[in-house]
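# Observations on the model geometry
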Amino acid sequence: MNKRSVKDLDLAGKRVLVRVDFNVPVKDGRVTDDTRIRRALPTIRYLISEGARPILISHLGRPKGEPDPKYSMDPVSRRLGELLELQVNKLDAAVGEEVERQLQEWDGQGVVLLENSRFYPGETDNDPELARQLARLADAYVDDAFGAAHRAHATTYGVAEHLPSAAGLLMQEEIDNLERVLSHPERPMVAILGGAKVSDKLSVIESLLGSADTLLIGGAMCFTFFKARGYEVGKSLVEDEYLDEARRLMDEAGDRLVLPVDVVVAGEMSESAESRAVEADKIPPDMMGLDVSLGTVGLFRGHIENAATVFWNGPMGVFEIEAFAKGTEGVAQAVAESPAMSVVGGGDSVAAVSKLGLEDEMGFISTGGGASLEYVEGQELPGIAVLPDESDKGES
Ligand code: ADP
Ligand code: MG
């Protein structure tokens, strides 16, 4: 990473505003998946060990720019305290005189957690006044919220313009791992792409064709490619507007683009639907493809086993339904068993991996859903772009 790291900052005795990604699922006042909180712990612990005073801020859910108890950070505060085993001083606002007063009185023990940044309309508007108010709370700013780095908001962008700033340890790890896949992969590099929509992933495919030796395509998007090849696709999800584009990509990629050889079909997308496997070009007109089948898992596994680098985004089928989860499970197992350095990105792909309990078998699991995809597309993420380069050791 060529960005200034938290390790380059002068931290002892400093108040450090840390943008974390604590946008976690909450149900009945409890955090139901604390992955993102856990992933932020190394930076928080590092700051404490260096004698800094961490002041944490995050958004949670989509409140409408005003306080809404449904999206309070209270449940996050409780879980963070359990994980850190330190006092979490949760404040009821994120900026303002009362917050400044409470920070003055803070004895420096544990950490401070500010209230949901999206309780302020200025957050998503990247309002300069909100950025200035945030900057008044601290001596330095650390961005560890890779999952929010594709947004230019007050807490991910604006505030960085007012304080000495740096990337946190998670942010750094995310960038380093994605770069390992994209810029200088060990070969062979195999990319696996699935998920619902080709339209979502076209620029991802395009970009990966620049670095991958082989691109394995599953999920609903394979049906647009099948149709472009002239196969009967029945009632499968197809985006007709993208048939030309699919054809162009297949021409460009040649045999580097590998499509499923068999699929699991059913009359409808439901738990109770009767399903069976058919060859890829023999989908009955009244059926829809909802998963890749065994022959495809075997074919994909062959590529994955021999890879030195694997990037995976998007489930191979409708993994939320047991009958259509086997393709995703098979591919996940293959990635887990492969000696390749693997990077998994994307909300649903990561959910599938964690549902299978395979997190520890993967090389790196990105915490960024949309952010990691935009990164792979080659887009500049504002939350990263705003951070100073490594070489600027001076002011922000
Ligand atoms: P990610 O979040 O990992 O980037 P996506 O959001 O692109 O993945 O896609 C995930 C969704 O794709 C899942 O909800 C899954 O059910 C759906 N999906 C996968 N294969 C199919 C298919 N054959 N037909 C319909 N939906 C599918
Ligand atoms: Mg998704």
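Here goes a summary of the coordinates provided.

Cut-offs applied
- Residues numbered from 1 in each chain as written.
- Chains lettered and ligands numbered in written order.
- Predicted model: local features only at pLDDT ≥ 70, side-chain atom pairs only at ≥ 80, totals over all residues.
- Heavy atoms only, no water.
- Helix = DSSP H or I, 4+ residues; strand = E, 2+ residues; numbered from the N terminus.
- Rg over C-alpha atoms; globule rule 2.2 N^0.38 Å.
- Buried < 20%, exposed > 50% of the residue type's maximum accessible area, 1.4 Å probe, protein only.
- Contact = heavy atoms within 4.5 Å.
- Areas by Shrake-Rupley, 256 points an atom, 1.4 Å probe, with all protein chains shown as cover.
- Lys, Arg positive; Asp, Glu negative; His and termini not counted.
- Charge placed at Lys NZ, Arg CZ, Asp CG, Glu CD.
- Phe/Tyr/Trp six-rings, centres within 6.5 Å; stacked < 30°, edge-to-face > 60°.
- Lys NZ or Arg CZ within 6 Å of the ring centre and 35° of its normal.
- Salt bridge = Lys/Arg side-chain N within 4 Å of Asp/Glu carboxyl O.
- Core = buried A, V, L, I, M, F, W, Y, C linked by side-chain atoms within 4.5 Å.
- Pairing = 2+ DSSP bridges.
- Axes fitted to C-alpha atoms, helices over the stretch in contact; angles between N-to-C directions.
- Patch = residues over 30% accessible without salt bridge, like charges linked within 9 Å, V, L, I, M, F, W, Y side chains within 5 Å.
- Near = heavy atom within 4 Å.
- Polar contact = N/O pair within 3.5 Å; in protein donor to acceptor, adjacent residues only side chain to side chain.

### Concerning the overall build of the protein chain
- Helix and strand content of the protein chain: 14 helices and 17 strands.
- Since a compact globule built from 396 residues should have a radius of gyration of about 21 Å, the 23 Å found for the protein chain is in line with a globular shape.
- When its C-alpha atoms are laid out on the principal axes, the protein chain stretches across 70 × 45 × 35 Å.
- For the protein chain, with 396 residues in total, the buried portion stands at 57%.
- In the protein chain, the share of contacts with a sequence separation of at least 24, taken over all contacts with a separation of at least 6, comes to 74%.
- Looking at the protein chain as shown, the accessible area adds up to about 16,700 Å², and 45% of this sits on carbon and sulfur atoms.
- One way to put it: in the protein chain the 40 positive side-chain charges average out to a point 2 Å from where the 68 negative ones average out.

### Some thoughts on the packing of aromatic side chains
- Across all of its chains, the model carries three aromatic pairs by this definition.
- Taken together, a centroid distance of 5.8 Å and an interplanar angle of 80 degrees make the contact between Phe223 and Phe226 edge-to-face. Taken together, the positions of Phe223 and Phe226, both in helix 8 (residues 221–229) and three residues apart, correspond to about one turn of that helix. Like Phe226, Phe223 is buried.
- For Arg53, the ring lying beneath its charged end belongs to Trp106, and the centroid distance is 5.5 Å.

### Comments concerning the pattern of salt bridges
- Taken as a whole and judged by the stated rule, the model has 23 salt bridges.
- Where Asp74 meets Lys90, a salt bridge forms, and the shortest distance between an N and an O atom there is 3.1 Å. Linking Asp74 in helix 2 (residues 74–84) with Lys90 in strand 5 (residues 88–90), this pair joins segments that are 16 residues apart in sequence.
- Where Lys227 meets Asp240, a salt bridge forms, and the shortest distance between an N and an O atom there is 2.8 Å. With Lys227 in helix 8 and Asp240 in the loop between helix 8 and helix 9 (243–253), the pair connects residues that are 13 residues apart, well separated along the chain.

### Comments concerning the nonpolar core
- With 73 residues, the main nonpolar core has Leu17, Leu114, Ile205, Leu208, Leu215, Ile217 and Phe225 as its most contacted residues.
- If you tally residues by element for this core, the top one is helix 8, at six residues.
- Leave out the neighbours within four places in its chain, and Leu208 touches Leu182, Met189, Ala191, Leu193, Leu215, Phe311 and Val376.
- Within the second largest apolar cluster, 30 residues are counted, among which are Val16, Val24, Ala52 and Leu60.

### Some words on the pairing of strand 12 (residues 262–266)
- With respect to burial, strand 12 is a largely interior element, five of its five residues being buried.
- Of the two faces of strand 12, the one carrying Asp262, Val264 and Ala266 and the one carrying Val263 and Val265 are both buried.
- Here strand 12 pairs with strand 13 (residues 275–279) via five bridges, running antiparallel. When the sheet's bridge partners are listed, Ala266 is paired in strand 13 with Ser275.

### Observations concerning the pairing of strand 4 (residues 53–57)
- Summarising burial for strand 4: four of the five residues are buried, a large majority.
- Two strands pair when backbone bridges link them, and strand 1 (residues 15–19) and strand 4 are joined in this way by five bridges, in the parallel orientation. Counterpart to Val16 in the pairing with strand 4 is Pro54.
- Of the strand pairs in this sheet, strand 4 and strand 6 (residues 111–113) are connected by two bridges, and their pairing is parallel. When the sheet's bridge partners are listed, Leu56 is paired in strand 6 with Leu113.

### Some remarks on the sheet that holds strand 14 (residues 288–292)
- Across the sheet, which stays open at both edges, the three strands sit in the order 13-12-14 with antiparallel pairing between neighbours. For this open sheet the edge positions go to strand 13 and strand 14, each flanked by a neighbour on one side alone. Averaged over all neighbouring strand pairs, the angle between strand axes comes to 40 degrees, with direction disregarded.

### Topic: a negative patch on the surface
- On the surface, Asp33, Glu359, Asp360 and Glu361 cluster together into a patch of negative charge.
- On the secondary structure map, Glu359 appears in the loop between helix 12 (347–355) and strand 17 (364–365).
- For Glu359, a relative accessible area of 34% gives the class partly exposed.

### Quick word on the site of ligand 1
- What surrounds ligand 1 is a group of 19 residues, the closest being Lys201, Asn313, Glu320, Asp348 and Ser349.
- At 3.1 Å, a backbone N or O of Gly289 approaches a nitrogen atom of ligand 1.
- One of the side-chain nitrogen or oxygen atoms of Ser349 is found 2.4 Å away from an oxygen atom of ligand 1.
- Starting from 580 Å² of accessible surface for ligand 1 in isolation, the protein chains cover 85%.
- Those elements that place two or more of their residues in the shell around ligand 1 are strand 14 and helix 12.
- It is helix 12 that contributes the most residues to the shell around ligand 1, three residues altogether.

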